[in-house]
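Notes for the structure review
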Amino acid sequence: MKIALLFGFLFALIPFFASAQPAEISIIPRPTSIEYGVGTFRLSRSGEIAASGKSAKAIADLLNSRLASAYGFQLAVKQKPHSSSAIFISSDFPKDLPAGSYRLQIDANGVHLSGTPEGLFYGVQTLMQILPNEFAEAAELPFVAIADRPRFRYRGMHLDTARHFMPVEFIRKYIDLMAQYKFNYFHWHLTDDQGWRIEIKKYPLLTRVGSMRPETVKERNLTPYIGDGQPHGGFYTQKEIREIVRYARQRFITVIPEIEMPGHASAALAAYPQFGCKKDFQYKVQTTWGIFKEVFCPTDE
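These remarks concern the structure in this document. Keep in mind that this is a model prediction, so the values were computed, not measured.

1. Re the sheet that holds strand β9 (residues 185-189)
If you walk across this open sheet you meet the 3 strands as β8-β9-β14, and the pairing is parallel. The sheet is open, and its two edges are formed by β8 (156-160) and β14 (254-258), each paired on a single side. Within this sheet the neighbouring strands show an average axis-to-axis angle of 20°, counted without direction. Note: β9 against β14, 5 bridges, orientation parallel. Each residue of the ladder has a partner; that of H187, found in β14, is I256.

Now the structure itself:
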């Protein structure tokens, strides 16, 4: 009887202990360290952002743009907040720490973010992951102290727009998603046998001819060949390329363009066959995948 009462008492305490433990938050990628406190901070729509320093002001504007996009409101940005519901952003951070380092602390005194310029940017991405999916008049943020810095110097994603052209708006969205998860290199595949996607004004046929293929092989129908009958094309102007590079740089992402030479040259040779090794050969923008023997020829021309 006593044992039964003891177990009953222990089971009764489980909900109490469970409620006393702070709920674990999920941050991707996982920060270097997370320390949980007990309690929550109430962040309201009428709250403010205190930005200390030029880079901190830019990060405050970035945070507001993220809040506007996710929830439809922005916070007032001031040097000294008058509201008890405030986010403090400071670029006052030890200079000898690796680029991308930041500290994010949420406690009864507010949300405090400090770091290197890149670190402040990454701290905003972390804060947005902590915020709830729905934000009414206010949100309860768990007390937490996060110290983080990138584990790997190169954190890259690749996008092949040579074979499958994507519009500029898609590229921006792709870069935004990369930034959200703290990637810092965008490997942009711009040319291949199936399409040339970057404007070179000295060689206009690269885009006029090389950016268009008449169709694409349907699934894996190679023997016999069956095409889908759908023309596929598109390219990025120099102005658009510069805009994407600028857009990525603002998010601490470096663009690596992939422009292939001497191989994967079918699309370019369809436009300028004089640069190939074969005479009287009908080069074409390829409609199938794989490896092709036609390459730029190592001649003076």
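2. Topic: the packing of aromatic side chains
By the definition in use, this model includes 15 aromatic pairs. With 4.7 Å between their ring centres and 35° between their planes, F165 and Y236 make a pair best called tilted. Note that F165 is positioned in the loop between β8 and α4 (168-180) and Y236 in the loop between β13 (225-227) and α6 (238-250), a separation of 71 residues in sequence. Within the aromatic cluster, the residues linked to one another by ring pairs are F165, F170, Y174, F186, W188 and Y236.

3. A closer look at α4
An ideal rise of 1.5 Å per residue puts 18 Å on 13 residues; α4 measures up with 18 Å between its terminal C-alpha atoms. V168, I171, R172, Y174, I175, M178 and A179 are the residues of α4 that are buried. The arc enclosing the buried residues of α4, seen along the axis, measures out at 160°, which places them on a common side. Exposed residues on α4 whose side chains face more than 90 degrees from its buried face are E169 and K173. On its buried face, α4 is in contact with α3 (117-130), β8, β9 and α6. Positive backbone phi, at 70°, marks K182, one or two positions downstream of α4.

4. Some points on the pairing of strand β5 (residues 102-107)
Pairing between β5 and strand β6 (residues 110-115): 6 bridges, direction antiparallel. Counterpart to D107 in the pairing with β6 is G110. In sequence, β5 turns back onto β6 through a hairpin of 2 residues. Both β5 and strand β7 (residues 138-148) contribute to a ladder of 5 bridges, which runs antiparallel. The partner of L104 across the bridge, within β7, is I146.

5. A few points about the sheet that holds strand β3 (residues 76-78)
Ordered in space as β1-β7-β5-β6-β4-β2-β3, the 7 strands form an open sheet in which the pairing is mixed. The outermost strands of the open sheet, each flanked by one partner alone, are β1 (33-44) and β3. The mean inter-strand angle of the sheet, taken between neighbouring strand axes irrespective of direction, is 25°. Contacts from helix α2 (residues 54-71) reach β2 (48-52), β3 and β4 (86-90), with the element oriented near 155° to β2.

6. Structural notes on the state of the cysteines
What the rule picks out here adds up to 1 disulfide. In this model, C277 is linked to C297 through a disulfide, with the two sulfur atoms separated by 2.4 Å. Across the S-S bond linking C277 and C297, the dihedral sits near 110°, which makes this disulfide right-handed. With C277 in the segment after α7 (266-271) and C297 in the segment after α7, this residue pair connects regions lying 20 residues apart in the sequence.

7. A short note on the pattern of salt bridges
The full count for this structure, using the stated rule, is 10 salt bridges. We note a salt bridge from E140 to R42, for which the minimum N-O separation is 3.3 Å. With E140 in strand β7 and R42 in strand β1, this pair connects stretches of sequence that are 98 residues apart. According to the relative accessible area criterion, E140 is partly exposed, its value standing at 42%. Salt bridges here are not isolated pairs; linked through shared partners, they connect E169, R172, E243 and R246.

8. Focus on α3
When the terminal C-alpha atoms of α3 are compared, their 20 Å separation across 14 residues agrees well with the 20 Å that a helix rising 1.5 Å per residue should span. Listed in full, the buried residues belonging to α3 are G119, L120, F121, Y122, G123, V124, Q125, T126, L127, M128 and I130.

9. Digging into the packing of α2 against α3
Interhelical geometry of α2 versus α3 gives an angle of 25° and a closest axis separation of 10 Å. For the element pair α2 / α3, the angle class is roughly parallel. The element α2 and its partner α3 pack so that their crossing is right-handed. Residues S55, A56, I59, L62, L63, R66, L67, A70 and Y71 of α2 touch α3, and the partners they reach there are P117, L120, F121, V124, Q125, L127 and M128.

What counts, and where the lines are drawn
- Along each chain, numbering runs from 1 in the same order as the chain's sequence is written.
- The predicted origin of the model limits local features to residues at a pLDDT of at least 70 and limits the giving and counting of side-chain atom pairs to 80 or more, whereas totals for whole chains, interfaces and linings rest on all residues.
- Only hydrogens and water are set aside when side-chain values are computed; all heavy atoms of the structure are taken into account.
- Between any two strands, at least two bridges found by DSSP are needed for them to pair.
- Each helix corresponds to a stretch of at least 4 residues labelled H or I by DSSP, and each strand to a stretch of at least 2 residues labelled E; elements are numbered beginning at the N terminus.
- Orientation is described by lines fitted to C-alpha atoms, with helices fitted over the stretch in contact, and by angles between N-to-C directions that extend from 0 to 180 degrees.
- To pair, rings of Phe, Tyr and Trp, with the six-membered ring standing in for Trp, must have centres within 6.5 Å; the planes then decide the type, stacked if under 30 degrees apart, edge-to-face if over 60, and tilted in the middle.
- Here the expected length of a helix is defined as 1.5 Å per residue gap, with one fewer gap than residues.
- Working definition: with a 1.4 Å probe on protein chains only, accessible area under 20% of the residue-type maximum means buried, over 50% means exposed, and in between means partly exposed.
- Directions pointing from the helix axis toward each C-beta atom define the arc.
- Contacts are residue-level and defined by heavy atoms, with any inter-residue pair within 4.5 Å sufficient.
- We call a pair of cysteine sulfur atoms a disulfide when they lie within 2.5 Å.
- Take a side-chain nitrogen of Lys or Arg and a carboxyl oxygen of Asp or Glu: if they are within 4 Å of each other, that pair is a salt bridge.
- Oblique is the label for every angle not falling under 35 degrees (roughly parallel), over 145 degrees (roughly antiparallel), or within 65 to 115 degrees (roughly perpendicular).
- Crossings are sorted by hand: turned counterclockwise from the far helix by less than a right angle, the near helix makes the crossing left-handed, and turned clockwise it makes it right-handed.

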